[in-house]
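Residue-level listing of the chains:
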Amino acid sequence: MGKSNPQSDFQSEAESQKTLIHLPGSGRNYVMGPMRSVFLADGSETNDRYCVSEWWLDAQSDGPGPHCHEEHEELFYVIEGVMSFLVGDESLDAPKGTFIRIPPNVMHDFMNKSKARAGVLNFYMPGGFEEKMPSLVQWYEQHNQQNRDSQ
């Protein structure tokens, strides 16, 4: 394993101790067709302890697809509409105000089967998820282009 840089570690810790405020509409946006994420805290802002993001799905649209995280726990809180979840073998329609905890190694997905936009607040622990977003956006764009080309 590589050596830690004490100066860099100190800067990361100092950055994670700063107050962080995002007003409505701020944050770092990633668009993947009918799915949009807004990252509010991650990386140096939390010293990679956690990640906080909003995930928004247009009406009657799919989410990321079934997946699991080997070492990460996720918390979801529905902030608008009704989000449908797959958690292990269980499917549920989760209205605004629903809280879901997903431990590591549990297959899960979310989608919007309703006729209105839906959104969740997501906590991902430990953090570092946002660094994956550019490659996920690129994959989504390539995948959608292939689907359009085949039609």
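See the structure above.
One structure accompanies this document, and this report is about it. (Residues numbered from 1 in each chain as written. Predicted model: local features only at pLDDT ≥ 70, side-chain atom pairs only at ≥ 80, totals over all residues. Heavy atoms only, no water.)

**Some points on the packing of aromatic side chains**
Selection criterion: Pairing of aromatic side chains requires ring centres within 6.5 Å, counting the rings of Phe and Tyr and the six-membered ring of Trp. Pairs whose planes differ by under 30 degrees are stacked, by over 60 edge-to-face, and all others tilted. Secondary structure counts use DSSP, requiring at least four H or I residues in a row for a helix and at least two E residues in a row for a strand, with both numbered from the N terminus. Throughout this description, buried means an accessible area under 20% of the type-specific maximum (1.4 Å probe, protein chains only), exposed means over 50%, and partly exposed covers the range between. As a reminder, the over-ring test applies to NZ of lysine and CZ of arginine, requiring each to be within 6 Å of the ring centre and within 35 degrees of the ring normal.
Within this structure, the stated rule accounts for 9 aromatic pairs. With a centroid separation of 6.4 Å and 65° between ring planes, the pair formed by Trp-55 and Phe-129 is classed as edge-to-face. Taken together, the residues Trp-55 in strand β3 (residues 51-57) and Phe-129 in the loop between β9 (118-125) and α2 (133-149) connect sequence positions 74 residues apart. Taken individually, Trp-55 and Phe-129 each receive the classification buried, so the pair is uniform in this respect. When the ring of Phe-76 is compared with that of Phe-85, the centres are 5.3 Å apart and the planes differ by 65°; the resulting orientation is edge-to-face. Each member of the pair Phe-76 and Phe-85 is classed as buried. Geometry around Trp-56 places Arg-117 over its ring, the cationic atom sitting 3.8 Å from the centre.

**What to know about the pattern of salt bridges**
Quick reminder of the rule: The term salt bridge refers to a side-chain nitrogen of Lys or Arg lying within 4 Å of a carboxyl oxygen of Asp or Glu.
Applying the stated criterion to the full structure yields 4 salt bridges. Put simply, Arg-28 and Glu-130 hold a salt bridge, and the shortest N to O gap is 2.8 Å. Of the two residues, Arg-28 sits in strand β1 (residues 28-32) while Glu-130 sits in the loop between β9 and α2, which places them 102 residues apart along the sequence. Since its relative accessible area comes to 11%, Glu-130 is described here as buried. Because the salt bridges share partners, they merge into one network encompassing Arg-28, Glu-45 and Glu-130.

**A closer look at the pairing of β3**
The criterion, for reference: Paired strands, in this sense, are two strands between which DSSP finds at least two bridges.
Most of β3 is tucked away, with 6 of its 7 residues classed as buried. Bridge analysis of β3 against β9 gives 7 bridges, and the strand direction is antiparallel. The residue bridging Cys-51 from the neighbouring strand is Tyr-124, located in β9.

**Let's talk about the sheet that holds strand β8 (residues 108-111)**
Adjacent strands of a sheet pair through backbone hydrogen bonds, lying either parallel or antiparallel. Short version of the rule: Every axis corresponds to a line fitted to the C-alpha atoms, with the helix fit spanning only the stretch in contact, and the corresponding angles, defined between N-to-C directions, vary from 0 to 180 degrees.
Spatial ordering of the open sheet is given by β6-β5-β8, a layout of 3 strands whose pairing is antiparallel. Of all the strands in the sheet, just β6 (90-95) and β8 have a single pairing partner and so form its edges. With strand direction ignored, the average angle separating the axes of adjacent strands in the sheet is 20°. Bridge count for strand β5 (residues 82-87) against β6 is 6 bridges, and the pairing is antiparallel. Counted as the bridge partner of Ser-84 is Asp-93 from β6.

**Notes on the side chain of Ser-37**
Under the convention used in this document: Contacts are assigned to residue pairs with any non-hydrogen atoms lying within 4.5 Å of each other.
Among the structural elements, Ser-37 can be located in strand β2 (residues 35-41). Residues contacting Ser-37, with those up to four places away along its chain left out, are Arg-28, Asn-29, Tyr-30, Met-32, Glu-54, Trp-55 and Met-133.

**Some remarks on the side chain of Ser-61**
On the secondary structure map, Ser-61 appears in the loop between β3 and β4 (73-80). The residues touching Ser-61, leaving out its near neighbours within four places in the chain, are Pro-34, Met-111 and Asn-112.

**Some details on the layout of surface pockets**
The test is simple: In the cavity and pocket records, a cavity denotes points on a 1 Å grid over the protein atoms alone where a 1.4 Å probe fits but cannot get out, a pocket denotes an open set with protein on both sides within 12 Å along at least 5 of 7 lines, and lining residues are residues with an atom within 4 Å of a point. Grid points are joined across faces, edges and corners, and a volume is the space filled by probe spheres set on the points. Three classes are used: nonpolar for Ala, Val, Leu, Ile, Met, Phe, Trp, Tyr, Cys and Pro, charged for Asp, Glu, Lys and Arg, and polar for all others, with Gly counted as polar.
Of the pockets and cavities examined, the largest pocket occupies roughly 530 Å³. Residue lining of the largest pocket: 24 residues in total, with Met-35, Gly-63, Pro-64, Gly-65 and His-67 positioned closest to the centre. Elements that contribute at least two residues to the lining of the largest pocket include exactly β4, β9 and α2. At 4 residues, α2 tops the list of elements feeding residues into the lining of the largest pocket. Split by residue class, the lining of the largest pocket holds 13 nonpolar, 8 polar and 3 charged.

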